[in-house]
Amino acid sequence: MNQQILINDDIHYDDKRQCLIFTAMVSGMLVSCVIATTLPKEQALAHFKAHQFDYEMQAEQQIEEEAYSAQGEIELIQL
């Protein structure tokens, strides 16, 4: 199935969950893409910016494979 996937530029660090989160628009639905990390907030955000393209490609691939978690999120592997 051919889907249009738009990655939003809305990365943020969730202190409670200790993860980075950005969203993607998939067929009109907003999907959270989550990267668990042990890095401090500022380092985690800098790491994401340095590898943003790779994370977006990883997210697109998992969305195309419909690899959603039980919470309806896409869980990415930290690079």
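Residues numbered from 1 in each chain as written. Predicted model: local features only at pLDDT ≥ 70, side-chain atom pairs only at ≥ 80, totals over all residues. Heavy atoms only, no water.

**Some thoughts on the packing of aromatic side chains**
- This structure, assessed with the given rule, holds two aromatic pairs.
- Geometrically, the ring pair formed by Phe22 and Phe48 is tilted, given 5.4 Å between the ring centres and 45° between the ring planes. Residue Phe22 is located in strand E3 (residues 19-26), and its partner Phe48 is located in helix H1 (residues 41-50); the two are separated by 26 residues in the primary sequence.
- The buried category is assigned to Phe48, whose relative accessible area is 2%.
- Relative to Tyr55, the ring of Phe48 lies with its centre 5.7 Å away and its plane at 15°, an arrangement referred to as stacked.
- Take Tyr55: its relative accessible area is 0%, and that puts it in the buried class.
- An aromatic cluster of three or more residues is present, and its members are Phe22, Phe48 and Tyr55. (Phe/Tyr/Trp six-rings, centres within 6.5 Å; stacked < 30°, edge-to-face > 60°. Helix = DSSP H or I, 4+ residues; strand = E, 2+ residues; numbered from the N terminus. Buried < 20%, exposed > 50% of the residue type's maximum accessible area, 1.4 Å probe, protein only.)

The values reported here are purely geometric and, on their own, carry no functional implication.
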